[in-house]
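Descriptive analysis of the structure
Here is what each chain is made of, one letter per residue.
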Amino acid sequence: MKKTRFLVLVLVVSIMLVGAGYAYWTETLTINNTVSTGKLDVKFAGDPDVTLKDDAWFLTDQIFGIDFTAKVRDNTNGNIMDIIITNFYPGAIANVSFTVKNDGTVPVMIDKVNGIIPDGTKNFIENALWFGVNEYDAYNDIHTFIGNLPNNWNNIVIYPGRSQTYTFTIRMPETITGDSFENSSGSFSLQLDYIQVN
């Protein structure tokens, strides 16, 4: 019986030591999480390029008195570009080229293009000018032109740190005759809305 008690005692002590052994063998794993978001930041990369030409009564590429200013507006973080063309006439063409830079950390592309035409200039803009993505593909209606810009521009992805050049054309058709739209002016704005590409 003494042997049995001794055996039971040894067994109990052994089980206690095994339990104590489990208590001493532990390890903790920790997962630290930090999530930060990127940024979407596009801007015009420098002043636009405007090329003028005459496609009507005069020799091609002879320009008579047309002048322009084209620059990115100061203090706008590169987000507003102004183009002013003066002394335009029937048969004149202005090819505008501008570059957009992705200074953000995510790829982007154009989601939509909004056109804004002030009420006082609608007649001139809607009836005296044609617009296109190049000089050979002109629409005689600015609304059709603006509506088709996303089809021409929105599948172009601009990756972070990269740039993309876009072009469009403003043309006064040579079919305008007489005094129609002489000494007239008009303005319009294009707003390019960019989204991130997933």
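Figured I'd write up the structure that's included with this text.

Calculation notes
Sequence order as written defines the numbering, with residues in each chain counted from 1. It should be noted that, the model being predicted, local features are given only for residues of pLDDT at least 70 and side-chain atom pairs only at 80 or more, the latter also being counted only at that level, while totals for whole chains, interfaces and linings use all residues. Side-chain numbers here rest on the full set of heavy atoms in the structure, without hydrogens or water. Only protein atoms enter the 1 Å grid used here. Points where a 1.4 Å probe fits but cannot escape make up a cavity, open sets with protein on both sides within 12 Å along at least five of seven lines make up a pocket, and a residue lines them when an atom lies within 4 Å of a point. Grid points are joined across faces, edges and corners, and a volume is the space filled by probe spheres set on the points. Throughout this entry, Asp, Glu, Lys and Arg are counted as charged residues, while Ala, Val, Leu, Ile, Met, Phe, Trp, Tyr, Cys and Pro are counted as nonpolar. The remaining residues, Gly among them, count as polar. Helix numbers and strand numbers start at the N terminus; a helix is a DSSP run of H or I with at least 4 residues, a strand a run of E with at least 2. Exposure categories follow from relative accessible area, calculated using a 1.4 Å probe and restricted to protein chains: below 20% of the type maximum is buried, above 50% is exposed, and the middle band is partly exposed. Two rings belonging to Phe, Tyr or Trp (six-membered ring only in the last case) form a pair when the distance between their centres is within 6.5 Å. Interplanar angles under 30 degrees mark stacking, angles over 60 mark edge-to-face geometry, and anything in between is tilted.

With that out of the way, let us pick up the layout of surface pockets. One number sums up the size of the largest pocket: a volume of about 1200 Å³. Ile 83, Ile 84, Ile 170, Ser 187 and Phe 188 are the residues nearest the centre of the largest pocket, which is lined by 43 residues in total. Class assignment of the residues belonging to the lining of the largest pocket gives a composition of 25 nonpolar, 13 polar and 5 charged.

Here Gly 120 shows up in the loop between β6 (108-116) and α2 (122-128). A relative accessible area of 79% means that Gly 120 is categorised as exposed. Considering only alpha carbons, one finds Gly 120 and Ser 185, 65 residues apart in sequence, at a separation of 9.6 Å.

Turning our attention to unusual backbone geometry. The phi torsion at Asn 75 lies on the positive side, around 60°, for a residue other than glycine. Within the fold, Asn 75 resides in the loop between β3 (67-72) and β4 (81-86). Of note in the backbone geometry, Asn 183 takes a positive phi value of approximately 55° without being a glycine. Structurally, Asn 183 is set in the loop between β9 (163-171) and β10 (189-196).

Here a ring pair, both rings aromatic, is described through the centre-centre distance and the interplanar angle of the planes. For the structure on display, the rule yields 7 aromatic pairs. With a centroid separation of 6.3 Å and an interplanar angle of 45°, the aromatic rings of Phe 145 and Phe 168 are classed as tilted. One end of the pair, Phe 145, is in helix α3 (residues 142-153); the other, Phe 168, is in strand β9, with 23 residues separating them in the sequence. For the residue pair Phe 145 and Phe 168, the accessibility class agrees, reading buried in each case. Among the aromatic residues, those joined into a cluster by ring pairs are Phe 44, Phe 98, Phe 131, Phe 145, Tyr 166, Phe 168 and Phe 188.

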